[in-house]
Amino acid sequence: MSRQTTSGPRADTLSQLLSELSLEEKVGQLVGTYIGSMDRDVTVEDAKREIVDENVGSVAAFGIGVSRYHEPERVAEIANELQRTALEETSHGIPLLLPVDAVHGHAYVHDATVFPHGLGVAASRCPEHARTAGEITATEMRATGANLNYGPTADLARDQRWGRTFETYGESPLLCGSFSAAAIEGLQSNTRGPSVAATVKHFPAYGDPEAGEDAAVVDRSASTLYGQFLPSFEASLEPEPAVVMPCYNSIDGEPAHGSRRYLTDLLRERLGFDGVVVSDWGGIDMLHEDHRVTASQRDSAKRTLEAGLDHISIGHGEFASHLCSLVEDGELSESRIDEGVARILSLKAELGLFEDPFVEVERTTTHIGTDEHREAAYSAARDAQTLLKNEGGLLPLSNSLDSVLVTGPNADSLKHQYGGWSVQDPKPDSGTTVLDGIESRADAATTVSYEPGATTTESLDLESVESAAAESDVAVAVCGENWYFHEFGPREVAGDTGTFPTRTQLGLPPAQRALLETLERVDTPTVLVTITGRPLALSWADEHVPAILQSYYPGSEGGRAVADVLFGDHNPAGRLPITTPRSGSQLPVRFNHYAHPRPIGRNEHPDTYDPLYEFGHGLSYTEFEHSDFAVSSTEIGPAESVTARITVENVGDRSGRRTLDFFLRDEVSSRVRPVREHVGFATVDLEPGESTTADVPIPNDALAVTDSRGRKTVESGSFELVCEEQSTSFTVR
């Protein structure tokens, strides 16, 4: 694990500690508990009892919305209380891992800095935002006592219906790997203080479940697994993350949580990972309850340990008992238990927990949501904004407007702006809504009115919207999705599982559509801002609304970022990290689909890839021209790489950032390859009239063909490289 850490016990000291532990104490290090209400209600006192009586080695105290505790100082007090129990009331005083789902900031704690979710960060094409977010998240986590982050999410999002799309960095293996690696570097860097352990999830393939249903089977070929899903994990393993978490899904008939093929043969032996493998929340119980590859919880415990898992995240005492009896009955070797415990102890040592696991409660709030941290989140949110449409140059809005109507269910909701994996009732002063941002930014002489017009799914007083729109120069409708995680939960109304958002509906629901139709009838120029976790199918809006800004889940500073773009203080440069389909019926639709024939009249078939907005789409308030596209060498050897070079000129009248995406096509290959593959990206900042040359390396492995055994071969032949409708070619000897 190559991260800067506090010095801890030497390896021989840890080995001595391991030798002194009883079997019950050892298996306790391999299981965890939580505080809150999920499958059972667990209080702080319950967790302390489990620490003492069942030797549990981790407590998930502040995550997934089940905990009652969100105030920073109270969270820190509980963390200290738990650690004190472990150190003072157990035989060997082993400190605890305290994990949290901090996937876009330490967002389950009030007043924390909340960054845009992964999809928005990837739209910036700036991995530095992911790295900075990791550093700040680590600082705020450690200030409250948390030390293990269940993030980042390295999964590809290959089905836009999937409820966890927003956590990912999109559909490009290159983006997912680059941004995940940057986030890991930030979390484990020690740059701003003590680091935390990062968890790469969800190995090896999660984001393409059948019908977009969370945890459904990922039924894909071996060559697709190796060629599409694994590259983002391979890149994520380079900065040596502390932990890997498997996916809930089965792949090729094997649930990842119970698969030696994936957790040992692939992850450890082939990819060389030597850290901790931790279960996802209920992933082990799913083996017997859902996948039905085992007959009981005890059998599941045996199978997952034999597969290569080290830590059962919410095992409680039941799993500890199972592991003890499995060893005592000769069904599981104690040496396998020792392997997992050794990894857990090493991780705790590397985090400095043996020296000092406590936090200074009185200083907690000085590290949470600082001005510096919020400015970093603001910068990321601003760079994420992606302008999808701007008919007639409606944007940026003029400073001389007399009146602006702000409407829509997400205009004044920090909760929806944060998105899932965060507090559901953020404090009003912990962030800036879009309404707040517009009111603050609009000229003092401009009247800003507000009419919600709709909740996510219900219409609200459209007559007032119509009247206000008729009296306004422009309307800003902030629509999209609400707060959710996993399969669009938790639902506020019991049994309300068929209403938007749902995987069966990818367009805006009727209430939000009615709001936009009301604005169209009034003929008031309208800007649609979408705050959403997925790329919504906006075909009607694309036809009828003159300007559309994709804001993703922009986090605590999203309102400022949106206002900056609307009024032209920031020139949008975001580009889509995932394809936007025309409708749910068009799926699957992805830029890197495999080449295939169209046997019955090529002109009679619709294009295979004809989305509403393609991967990489994103407009600017200025214009750019591209020229002199070339590669460093037009002929290379099979082990060599090339560097692409392109000249970019800002020919407009505003300064702006240009994001460049580079795509490769293998003209002839021994196996069917994607029609194009995303192999490079870069950004350049240019003043009006300024030009520059961007050099982007295209690595050798991007040229390789991947077979069904995962072997990569760079074959001789011609390759085409494309960037901004410019193309060049080179040959491999």
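Going by the structure above, here's the rest.
Residues numbered from 1 in each chain as written. Predicted model: local features only at pLDDT ≥ 70, side-chain atom pairs only at ≥ 80, totals over all residues. Heavy atoms only, no water.

1. Overview of the overall build of the chain
Reasoning step 1: Along the chain, the regular secondary structure elements total 20 helices and 27 strands.
Reasoning step 2: By the compact-globule yardstick of 27 Å for 733 residues, the chain fits well, its C-alpha radius of gyration being 26 Å.
Reasoning step 3: Reported as C-alpha extents along the three principal axes, the dimensions of the chain are approximately 75 × 65 × 45 Å.
Reasoning step 4: Considering only contacts in the chain between residues 6 or more positions apart, those separated by 24 or more positions represent 77%.
Reasoning step 5: Each charge class in the chain was averaged separately, 59 positive and 115 negative side chains, and the resulting centres sit 5 Å apart. (Helix = DSSP H or I, 4+ residues; strand = E, 2+ residues; numbered from the N terminus. Rg over C-alpha atoms; globule rule 2.2 N^0.38 Å. Contact = heavy atoms within 4.5 Å. Lys, Arg positive; Asp, Glu negative; His and termini not counted. Charge placed at Lys NZ, Arg CZ, Asp CG, Glu CD.)

2. Side note on the side chain of His202
Reasoning step 1: Within the element layout of this structure, His202 appears in strand β7 (residues 197–203).
Reasoning step 2: A distance of 2.7 Å separates a polar atom in the side chain of His202 from a polar atom in the side chain of Asp155.
Reasoning step 3: With residues near it in sequence (within four places) discarded, His202 still touches Thr153, Asp155, Arg164, Phe233, Met245, Pro246, Cys247 and Asp280. (Polar contact = N/O pair within 3.5 Å; in protein donor to acceptor, adjacent residues only side chain to side chain.)

3. Some points on the sheet that holds strand β17 (residues 547–550)
Reasoning step 1: The strand order across the open sheet built from 6 strands is β12-β17-β16-β15-β13-β14, with neighbouring strands paired in mixed fashion. The open sheet has two edge strands, β12 (386–390) and β14 (447–451), and neither has a second partner. The average angle at which neighbouring strand axes cross in this sheet is 20 degrees, direction not considered.
Reasoning step 2: Pairing analysis gives 4 bridges linking strand β13 (residues 403–407) to strand β15 (residues 474–480), with the strands arranged parallel. For Thr407, the partnering residue across the bridge sits in β15 and is Ala477.
Reasoning step 3: Across the sheet, helix α18 (residues 510–522) lies against β13, β15 and β16 (526–531), angled at about 170 degrees from β15, the strand it touches most. (Pairing = 2+ DSSP bridges. Axes fitted to C-alpha atoms, helices over the stretch in contact; angles between N-to-C directions.)

4. Details of the state of the cysteines
Each disulfide consists of one covalent bond between the sulfur atoms belonging to two cysteines.
Reasoning step 1: A complete count under the given rule lists 0 disulfides for this structure.
Reasoning step 2: Cysteine Cys723 remains unbridged, with the sulfur of Cys126 as its closest cysteine sulfur at 17 Å. (Disulfide = S-S within 2.5 Å.)

5. A short note on the sheet that holds strand β11 (residues 276–277)
Reasoning step 1: Pairing is parallel across the open sheet formed by 5 strands, whose spatial order is β5-β6-β7-β8-β11. Looking at strand neighbours, the two that pair on one side only are β5 (99–100) and β11, the edges of this open sheet.
Reasoning step 2: With 2 bridges joining them, β5 and strand β6 (residues 148–149) adopt parallel strand pairing. Across the sheet, the residue bridging to Val100 is Asn149, located in β6.

6. Regarding the packing of aromatic side chains
Each aromatic ring pair is characterised by the separation of its centres together with the angle its planes make.
Reasoning step 1: Following the criterion strictly, the structure yields 17 aromatic pairs and no others.
Reasoning step 2: Measuring from centroid to centroid gives 5.5 Å for Trp483 and Phe485, while their planes differ by 55 degrees, and the two rings are tilted. Summarising the burial analysis for this pair, Trp483 and Phe485 share the class buried.
Reasoning step 3: Judged by centre distance (5.5 Å) and plane angle (10 degrees), the rings of Phe719 and Phe730 are stacked. One end of the pair, Phe719, is in strand β26 (residues 717–723); the other, Phe730, is in strand β27 (residues 726–732), and 11 residues separate them in sequence.
Reasoning step 4: By relative accessible area, Phe719 is classed as buried at 0%.
Reasoning step 5: Directly above the ring of Trp421 sits Lys201, whose terminal nitrogen or CZ lies 5.7 Å from the centroid. (Phe/Tyr/Trp six-rings, centres within 6.5 Å; stacked < 30°, edge-to-face > 60°. Buried < 20%, exposed > 50% of the residue type's maximum accessible area, 1.4 Å probe, protein only. Lys NZ or Arg CZ within 6 Å of the ring centre and 35° of its normal.)

7. Side note on the nonpolar core
Reasoning step 1: Residues Ile35, Val59, Leu82, Leu323 and Leu516 are the most contacted members of the largest nonpolar core, which totals 143 residues.
Reasoning step 2: With 7 residues, helix α7 (residues 173–187) is the largest single contributor of residues to this core.
Reasoning step 3: Ranked by size, the runner-up nonpolar core spans 33 residues in total, among them Leu394, Ala442, Ala547 and Val562. (Core = buried A, V, L, I, M, F, W, Y, C linked by side-chain atoms within 4.5 Å.)

8. Here's the deal with helix α4 (residues 72–88)
Reasoning step 1: Taking 1.5 Å per residue, 17 residues should reach 24 Å; α4 reaches 24 Å between its end C-alpha atoms and fits that length.
Reasoning step 2: Along α4, the positions that sit buried rather than exposed are Pro72, Val75, Ala76, Ile78, Ala79, Asn80, Leu82, Gln83, Thr85 and Ala86.
Reasoning step 3: For α4, the elements touching its buried residues are α3 (44–54), β4 (58–60) and α6 (127–144). (Expected span 1.5 Å × (residues − 1).)

9. A word on the pairing of β17
Reasoning step 1: Side chains of β17 alternate between two faces, with Ala547 and Leu549 and Ile548 and Gln550 buried alike.
Reasoning step 2: Bridge count between β12 and β17: 4 bridges; the pairing is antiparallel. Its bridge partner being in β17, Leu387 is matched across the sheet by Leu549.
Reasoning step 3: On the question of chirality, the crossover connecting β16 to the parallel β17 by way of helix α19 (residues 539–544) is right-handed. (Right-handed = clockwise from strand over helix to strand, strands pointing away.)

10. Examining the side chain of Arg534
Reasoning step 1: On the secondary structure map, Arg534 appears in the loop between β16 and α19.
Reasoning step 2: Taking the relative accessible area as the measure of exposure, Arg534 reaches 0% and is therefore buried.
Reasoning step 3: From its side chain, Arg534 meets the backbone oxygen of Thr502 in a polar contact 3.4 Å long.

11. Some thoughts on the environment of Glu77
Reasoning step 1: Residue position: Glu77 is located in helix α4.
Reasoning step 2: The exposure class assigned to Glu77 is partly exposed, which follows from its relative accessible area of 37%.

12. Concerning the packing of helix α17 (residues 462–470) against α18
Reasoning step 1: At their nearest, the axes of α17 and α18 sit 9 Å apart, and the two run at 35 degrees to each other. Viewed along their axes, α17 and α18 form a crossing whose handedness is right-handed. Of the residues in α18, those in contact with Leu462, Val465, Glu466, Ala469 and Ala470 of α17 are Ala514, Leu515, Thr518, Leu519, Arg521 and Val522. (Left-handed = near helix turned anticlockwise from the far one by under 90°.)

13. A short note on unusual backbone geometry
Reasoning step 1: Here the residue pair Gly151 and Pro152 is connected by a cis peptide bond, since its omega of 15 degrees sits within 30 degrees of zero.
Reasoning step 2: Residue position: Pro152 is located in the loop between β6 and α7.
Reasoning step 3: Cis rather than trans, the peptide bond between Phe203 and Pro204 has omega equal to -5 degrees.
Reasoning step 4: Checked against the element boundaries, Pro204 lands in the loop between β7 and α8 (222–237).
Reasoning step 5: Even without glycine at this site, Asn190 takes up a positive phi of about 70 degrees.
Reasoning step 6: Summarising the element assignment, Asn190 is placed in the loop between α7 and β7.
Reasoning step 7: Overall, Asn190 belongs to the partly exposed group, its relative accessible area being 23%.

14. With respect to the pairing of strand β22 (residues 677–686)
Reasoning step 1: In terms of burial, β22 is a largely internal element, 8 of the 10 residues being buried.
Reasoning step 2: In this sheet, β22 lies alongside strand β21 (residues 656–666) in antiparallel orientation, the contact comprising 9 bridges. Counterpart to Asp661 in the pairing with β22 is Phe681.

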